[in-house]
Amino acid sequence: MMEDKKSEYNNDSGIEVNRIYKDASLLNEDAGEYPFTRGIQPDMYRGKLWTMRQYAGFSTAEESNKRYHYLLNQGTTGLSVAFDLPTQIGYDSDHALSEGEVGKAGVAIDTLRDMEILFDGIQLEKITTSMTINATASTLLCMYIALAKKQGADLKNISGTIQNDILKEYAARGTYIYPPKPSMRIITDIFAYCSNEVPKWNTISVSGYHIREAGANAVQELAFTLADGKAYLKAAIDVGLDINVFAKRISFFFNAHNNLFEEVAKFRAARRMWASITKELGATDLRAQMLRFHTQTGGSTLTAQQPQNNIVRVTIQALAAVMGGTQSLHTNGFDEALSLPTADAARLALRTQQVIAFESGVPMTVDPLGGSFYVEALTNEVEQKAWEYIHRIDEMGGAVSAIEAGFIQREIAQSAYQYQRDIESGDKIIVGVNKFPMEEPSFEDLFTVDDSIRNVQTDKINKVKSERNNSEVQDHLIALENAARGGFNVMPHILSAVEAYATLGEISDTMRNVFGEYTGA
């Protein structure tokens, strides 16, 4: 991270690099000015680099904690937590439906005790943490808050992000629990609670990443993500929240694919469009009009064939994110088409960001591709096509209605189908797959998680239940159920249950009893 702002930047030939380059015939706008096409900060990376937030989580809290300390020692500047599937859909590790999935897609978190272990030796007041969690975001955030309280942290100073974007789960990913309307109600409860208790926390990260991973193209990723964001704005306004307050705590999560210029254009158009959307809905504070976003390189672009080619793909994608003005970045390990990333692959992914940051010269100037005939035209075209989608969605009644009608799902499915057809026909070239294949030795250095992890987690749950005050837990769960039924904010009651060491599954089941489960039918 650039700790001190330099007064002068020079390239390797001694040529001074300006803060920003302008051509009045192309673009008069400056960075940090509405509608933020060129970036949300006047100096962008000249003042502070993007957060290098490597996504990690697997097996038990103990094992993930070791990886976090490793990444921090290697220079990562923010943590990003991956949770396993049972945690994501509100089942404890000892639930029958959790078998075979515990600790596989991320770390297993069943109680506050696991959260305490996960961040052992890490001061929450001194690090920002992003948590990729949606249906159970309220519970995981409460566990994080409870841990911060146990550490003696000032809750006004803890910062980070919960993804908390349930709409894209219905459209593209599938880890939902409750139907759309109660899910949206929980989200607005989180907005309201955090604005008072943890004001620096980003209460939602509207995710285009998973929409893209499901098969959407760049325009669809942009359009469907902003349509979801617009739905969250309206839901918060409908319950009386001030857009100039809560919109500052909304962030976005985008994908970065291999077409460098298209991706840069997408990011630039996203800022411009979000500024327009927020302003139209009543935002007058410039910070409430800014689109801040995290980027992850494209998991679906990684190939099991010739996996070292993925190093090049990730580098191109990371460059697109940086030249597009991202606020934080995760770079994928080259081996992730085969397994969870090894420590060596995770380190190389982080080093990719560090080389871009400290050796490439790209961060020296704001919006380095701004003014390019191609990039400016492409930004306009991507924006126009994305608006066409958003207008169609608005005519349907917004993102929730469009999802309930299956419109967004059908558009994504059609795009994915066409993409695969193009690969099979050879119209779309994937190096090492349908062009330039080769005989390869088996790739042996793979990272795996053993199924015995479920037994470890079950023992931990049983131990917690034997040590806690079970009568107190039941009282808090009853209070939570009453709040859910009565329309009161559920967050204080979830926090009380968490602090009494109620399990994630017990809390989720309590709300299942009130809200039911969504089947997608």
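Structure: see above.
What counts and what doesn't
- Residues numbered from 1 in each chain as written.
- Predicted model: local features only at pLDDT ≥ 70, side-chain atom pairs only at ≥ 80, totals over all residues.
- Heavy atoms only, no water.
- Helix = DSSP H or I, 4+ residues; strand = E, 2+ residues; numbered from the N terminus.
- Buried < 20%, exposed > 50% of the residue type's maximum accessible area, 1.4 Å probe, protein only.
- Contact = heavy atoms within 4.5 Å.
- Areas by Shrake-Rupley, 256 points an atom, 1.4 Å probe, with all protein chains shown as cover.
- Polar contact = N/O pair within 3.5 Å; in protein donor to acceptor, adjacent residues only side chain to side chain.
- Pairing = 2+ DSSP bridges.
- Right-handed = clockwise from strand over helix to strand, strands pointing away.
- Axes fitted to C-alpha atoms, helices over the stretch in contact; angles between N-to-C directions.
- Parallel < 35°, antiparallel > 145°, perpendicular 65-115°, else oblique.
- Left-handed = near helix turned anticlockwise from the far one by under 90°.
- Nonpolar A, V, L, I, M, F, W, Y, C, P; charged D, E, K, R; others polar.
- Phe/Tyr/Trp six-rings, centres within 6.5 Å; stacked < 30°, edge-to-face > 60°.

Draft legend 1. Spotlight on the overall build of the protein chain. A count of helical and extended segments in the protein chain gives 20 helices and nine strands. Counting only C-alpha atoms, the protein chain reaches 70 × 60 × 50 Å along its principal axes. Out of the 521 residues belonging to the protein chain, those deemed buried represent 57%. In the protein chain, the proportion of contacts linking residues at least 24 apart, taken out of those at least 6 apart, comes to 78%. Accessible area for the protein chain stands at about 21,000 Å²; split by element, carbon and sulfur atoms hold 49% of it.

Draft legend 2. Focus on the side chain of T379. Mapped onto the fold, T379 is located in helix α14 (residues 373-396). Judged by relative accessible area, which is 0%, T379 ranks as buried. For T379, the side chain forms a polar contact with the main-chain oxygen of V375, separated by 2.7 Å. With near-sequence residues (within four places) excluded, T379 lies in contact with A265, R268, A269 and R272.

Draft legend 3. Representation of the pairing of strand β2 (residues 78-82) in the model. The buried fraction of β2 is high, at five of five residues. Here β2 shows a buried face lined by G78, S80 and A82 and a second buried face lined by L79 and V81. Pairing analysis gives four bridges linking strand β1 (residues 51-56) to β2, with the strands arranged parallel. When the bridges of β2 are listed, Y55 appears paired with S80. Each parallel crossover has a hand, and for β1 linked through helix α1 (residues 61-73) to β2 it is right-handed. The pairing of β2 with strand β3 (residues 129-132) spans four bridges and is classified as parallel.

Draft legend 4. Just the environment of E499, in detail. Within the secondary structure, E499 is located in helix α19 (residues 491-499). For E499, a relative accessible area of 32% translates into the label partly exposed. Not counting residues within four places of it along the chain, the set of residues in contact with E499 comprises L112, A146 and K149.

Draft legend 5. Highlighting the packing of helix α18 (residues 470-486) against α19. One can describe the packing of α18 onto α19 by two numbers: an axis separation of 9 Å at closest approach and a directional angle of 165°. Relative to α19, the element α18 is oriented roughly antiparallel. Where α18 crosses over α19, the two elements pack in a sense that is left-handed. Counted together, H476, L477, A479, L480 and A483 of α18 and H493, I494, S496 and A497 of α19 form the full contact between these two elements. For the contact of α18 with α19, a count of residues per class yields six nonpolar, three polar and no charged.

Draft legend 6. Up close: the sheet that holds strand β4 (residues 160-162). Judged by pairing direction, the sheet is parallel, and its nine strands sit side by side in the order β5-β4-β3-β2-β1-β9-β8-β7-β6 without closing on themselves. At either end of the open sheet lies a strand with only one pairing partner, and these are β5 (201-202) and β6 (204-207). Packing against the sheet, helix α12 (residues 309-323) makes contact with β7 (250-256), β8 (293-297) and β9 (328-330), and its axis sits at approximately 165° to β8.

Draft legend 7. Main features of the packing of aromatic side chains. Scanning the entire structure with this criterion turns up 19 aromatic pairs. A ring pair is formed by Y209 and F253, whose centres lie 4.9 Å apart and whose planes are at 0°; its orientation type is stacked. Of this pair, Y209 sits in helix α7 (residues 209-213) while F253 is found in strand β7, placing the two residues 44 residues apart along the sequence. Of the residues examined, Y209 reaches a relative accessible area of 6% and is grouped as buried. Taken together, F252, F254, F267, W274 and F293 form an aromatic cluster joined through their ring pairs.

Draft legend 8. Representation of the packing of α14 against helix α16 (residues 407-425) in the model. α16 packs onto α14 with a crossing angle of 150° between their chain directions and a minimal axis gap of 11 Å. In this view, α14 runs roughly antiparallel relative to α16, as classed from their interaxial angle. On the side of α14, the interface is formed by Y389, R392, I393 and M396, while α16 contributes F407, I408 and E411. Partitioning the contact of α14 with α16 into residue classes produces five nonpolar, no polar and two charged.

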